[in-house]
Protein chains: 2
Amino acid sequence: MSRKSAPKSVIKRLPVYLRILDNLIRRDVEIISSRVLSEETGFTAEQIRKDLAYFGAFGTRGTGYNTSYLRDKLLRIIGLDKQTRLVVIGAGHLGKALTRYNASKNPYVDIVGVFDANPEEVGTEIEGMKIQPIADMSDIIKAENVKVAMITVPAEVAQKVADNLISLGITAILNFAPTKLNVPGNVHVHNADLTIELQSLIYYAMEDEKQNLGGNNIPQKP
Amino acid sequence: MSRKSAPKSVIKRLPVYLRILDNLIRRDVEIISSRVLSEETGFTAEQIRKDLAYFGAFGTRGTGYNTSYLRDKLLRIIGLDKQTRLVVIGAGHLGKALTRYNASKNPYVDIVGVFDANPEEVGTEIEGMKIQPIADMSDIIKAENVKVAMITVPAEVAQKVADNLISLGITAILNFAPTKLNVPGNVHVHNADLTIELQSLIYYAMEDEKQNLGGNNIPQKP
């Protein structure tokens, strides 16, 4: 099957597998069964086998997956076998935090520029990079052939920034601005939501404080 | 079925449904089919029906789900029908960004304290709250009966901070520090990873630049 046929939900799980494999390799685990991979990820073993089958046959029946081999395959499938160059637009707290986080924690990306509209931020440094005026992003995006951008600007200017980025050749945007972006069909946008992870955690925190939520005790809506 | 029987993977999807429902309600959509919910989330319609069935029967066969009704149910199931009080430990860029993001974008939580070890940060304000010394967190956590904490401190002090929080009664930790925390069995930890969303986006960005990744052209590992 061609990789294009894999649905979005499968693609979203690939980095989760990658993270688990990175951890296993760090712990010198060489072989992993889909059952154990299932326990580590929370996805069913069948789901994992189906997901990986979109891209080829990577495991050995009855033994499992070689962790390094599967990681290498996943890196190529996702497109992380070469560092991806990206730009960060918006150097507020979130832009700086993401720049720092990715520069220190994410070996698969190379942040080639951080831009901000605020003259007070321009010229200051984050992770050894000078924050540059937004007006200068054209040169770097073209010179470095950048295709991926993270947007962490205020919601009211996000669309304008996105339009500008797209006109410069950006085809993939990770949008942290709390607004929906309108983009042409060839541009991919992921809307990041920092609240989702927190909400599923709250479920567990509230578990002991709540009882009997099966349904009957919940008042009906009028 | 009791809510306790729902697997972790189901719980992780509930906030995703909630976000979609929030958007639909904002667009005045009153009824949604599981097919459309599937398109919006990327999960299969069958998966969605199974997920929701853990908690009761919410839809009408052939019509779909009432968006407001389902949202109310989800809020109660997750435990978001009352605001959850939480503390943020670590007021660097990430701690400040998360505080701002949740205070402005997440109506389901109430940040009751932000703490930092750096005397230069202590006393400065974020979202109208004064950043407080870590030594003072005990009083607030106890007075407000806080159960949930976000940790955005450097990796090397994260375990000590977590131990401290747990001794004060925290039972749920969203950990942004790039390290694994050891916690007792009754404490829930989610390790947030800001790189995962970016990586699945990169897949799409690289799609046009790569070809024929079905398997045969990939060199074998020795």
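As the structure is a computational prediction, the values presented were derived from the model and not from experiment. Position labels on residues start from 1 in each chain and follow its written sequence. Chain labels run from A onward and ligand labels from 1 onward, assigned in the order the entries are written. Per-residue local features are limited, in this predicted model, to residues with pLDDT of at least 70; the limit for side-chain atom pairs, both in listing and counting, is 80 or more; totals at the level of whole chains, interfaces and linings are taken over all residues.

What follows is about the overall build of chain A. Here a helix means four or more residues in a row that DSSP labels H or I, a strand means two or more in a row labelled E, and each is numbered from the N terminus. From N to C terminus, chain A includes eight helices and 10 strands. Along the first, second and third principal axes, the C-alpha set of chain A runs to 55 × 55 × 35 Å. Working definition of burial: number of other C-beta atoms within 10 Å of the residue's own, with buried at 20 or more, exposed at 12 or fewer, and partly exposed in between, all C-beta atoms being placed from the backbone. Out of the 222 residues in chain A, the part that is buried amounts to 39%. Our contact criterion uses C-beta atoms placed from the backbone: two residues qualify when those atoms are within 7 Å. Once local pairs closer than 6 in sequence are excluded, the contacts in chain A between residues at least 24 apart make up 57%.

Residue and element names in this part refer to chain A. Strands qualify as paired when DSSP identifies two bridges or more between them. Read from one edge of the open sheet, six strands run S7-S4-S3-S8-S9-S10, paired in parallel fashion. The outermost strands of the open sheet, each flanked by one partner alone, are strand S7 (132-133) and strand S10 (188-191). Where strand S4 (residues 109-116) lies against S7, two bridges are found, and the strand directions are parallel. Looking across to S7, one finds that Phe115 is bridged to Gln132. The strands touched by helix H5 (residues 93-105) within the sheet are strand S3 (84-89), S4 and strand S8 (148-151), with S4 carrying the most contacts at an inclination of about 165 degrees. Simply put, an axis is a line fit to the C-alpha atoms, just over the touching stretch for a helix, and the angle between two N-to-C directions goes from 0 to 180 degrees. Contacting S3, S8 and strand S9 (172-175), helix H7 (residues 155-167) runs over the sheet at an angle of about 170 degrees to S8.

Attention now goes to unusual backbone geometry. Residue and element names in this part refer to chain B. At Asp28, a residue that is not glycine, the phi angle is positive and equals roughly 60 degrees. Residue Asp28 is classed as exposed on the basis of its 7 C-beta neighbours within 10 Å. Positive phi values are uncommon outside glycine, yet Glu127 reaches one of about 50 degrees. As for its position among the elements, Glu127 is in the loop between strand S5 (125-126) and strand S6 (129-130). For Glu127, a count of 13 C-beta atoms within 10 Å corresponds to the partly exposed category.

The strand order S7-S4-S3-S8-S9-S10 (chain B) describes an open sheet built from six strands, whose pairing is parallel. Edge positions in the open sheet fall to strand S7 (132-133) and strand S10 (188-191) of chain B, since each of these has one partner strand only. Sheet topology places strand S3 (residues 84-89) of chain B next to strand S8 (residues 148-151) of chain B; four bridges connect them, and they run parallel. Each bridged residue has a counterpart across the sheet, and for Val88(B) the counterpart in S8(B) is Met150(B). Against the sheet, helix H8 (residues 196-207) of chain A touches S3, strand S4 (109-116), S8, strand S9 (172-175) and S10 of chain B, its axis set at about 160 degrees to S9(B). Packing of helix H7 (residues 155-167) of chain B onto the sheet brings it into contact with S3, S8 and S9 of chain B, and relative to S8(B) it is tilted by some 170 degrees.

In this section: the relation of the copies chain A and chain B. Here the copies are matched by least squares. The fit uses the C-alpha atoms of residues with pLDDT of at least 70 in both. Superposing chain A onto chain B takes a rotation of 180 degrees combined with a translation of 0.0 Å along the rotation axis, leaving an RMSD of 0.0 Å. What the superposition gives is, in effect, a two-fold axis relating one chain to the other. In terms of C-alpha distance to the rotation axis, chain A has His93(A) as its closest residue, with the C-alpha 2.3 Å off the axis. Looking at the interface residues of chain A, 100% of them are also at the interface in chain B, so both copies use one shared face.

Quick look at the interface of chain A and chain B now. Taken together, the contact between chain A and chain B spans 67 residues of the former and 67 residues of the latter. Throughout, the ten residues Ala, Val, Leu, Ile, Met, Phe, Trp, Tyr, Cys and Pro are labelled nonpolar, Asp, Glu, Lys and Arg are labelled charged, and all others, Gly among them, are labelled polar. Of the residues belonging to the side of chain A that touches chain B, the class tally is 34 nonpolar, 18 polar and 15 charged.

Residue and element names in this part refer to chain A. The N-to-C vectors of helix H1 (residues 8-26) and helix H4 (residues 67-78) enclose an angle of 145 degrees; their axes lie 10 Å apart at closest approach. Here the hand of the crossing between H1 and H4 comes out left-handed. For the pair H1 and H4, contact is made by Leu14, Pro15, Tyr17, Leu18, Leu21, Asp22, Leu24 and Ile25 and by Thr67, Ser68, Leu70, Arg71, Leu74, Ile77 and Ile78, respectively. By definition, turning the near helix anticlockwise from the far helix through less than a right angle yields a left-handed crossing, and turning it clockwise yields a right-handed one.

Attention shifts here to the pairing of S3(B). All names here are of chain B. Within S3, five of the six residues are buried, which leaves the element mostly enclosed by the surrounding structure. When S3 meets S4, the two strands line up parallel, connected through six bridges. Its bridge partner being in S4, Arg85 is matched across the sheet by Asp110. For the handedness criterion, the β-α-β arrangement of S3, helix H5 (residues 93-105) and S4 is classed as right-handed. Looking down the strands as they point away from you, a crossover is right-handed if its path from the first strand over the helix to the second goes clockwise.

Attention now moves to the packing of helix H1 (residues 8-26) of chain B against helix H2 (residues 34-41) of chain B. Residue and element names in this part refer to chain B. Between H1 and H2, the least distance of the axes is 10 Å, while the angle of their chain directions is 105 degrees. If you check the angle between H1 and H2, you find them roughly perpendicular. Contacts between H1 and H2 involve Val16, Tyr17 and Ile20 from the former and Leu37, Glu40 and Thr41 from the latter. Here the contact of H1 with H2 is built from residues that sort into four nonpolar, one polar and one charged. Angle categories: roughly parallel below 35 degrees, roughly antiparallel above 145, roughly perpendicular from 65 to 115, and oblique for all the rest.

It is worth spelling out the pairing of S8(B) at this point. Residue and element names in this part refer to chain B. Every second residue of S8 is oriented toward a common face, with Val148 and Met150 on one face and Ala149 and Ile151 on the other, all of them buried. Looking at chain direction, S8 and S9 are connected through four bridges and run parallel. The partner of Ala149 across the bridge, within S9, is Ile173.

We now examine H1(A). With 19 residues, H1(A) extends 28 Å between its outermost C-alpha atoms, agreeing within 8% with the 27 Å of an ideal straight helix rising 1.5 Å per residue. Along H1(A), the residues that are buried comprise Val10(A), Ile11(A), Leu14(A), Pro15(A), Tyr17(A), Leu18(A), Leu21(A) and Leu24(A). The inward-facing, buried residues of H1(A) contact strand S1 (31-32), helix H2 (34-41), helix H3 (45-53) and H4 of chain A together with helix H8 (196-207) of chain B. Backbone geometry just after H1(A) places Asp28(A) at a positive phi near 60 degrees. Under the convention used throughout, the expected extent of a helix is 1.5 Å for every residue step, that is, one less than its residue count.

With that out of the way, let us pick up the environment of Phe115(B). All names here are of chain B. With respect to the element layout, Phe115 can be found in strand S4. Look at Phe115 and you get buried, because 24 C-beta atoms sit within 10 Å. Taking the C-alpha atoms as reference, Phe115 lies 15 Å from Ala177; in sequence the two are 62 residues apart. The contact partners of Phe115, leaving out residues within four places of it in the chain, are Val87, Ile89, Ile131, Gln132, Pro133, Ile134 and Met137.

With that out of the way, let us pick up the confidence of the model for chain A. All names here are of chain A. Taken over all residues, the pLDDT of chain A has a mean of 86, while the share at 70 or more is 91%. Every residue carries a pLDDT, the predictor's confidence in it, which falls somewhere between 0 and 100. Note on residues 211-222: pLDDT is under 50 here. Beyond four places in sequence and across chains, it has 13 contacts. Prediction confidence for the complex, expressed as pTM and ipTM, is 0.76 and 0.77 respectively.

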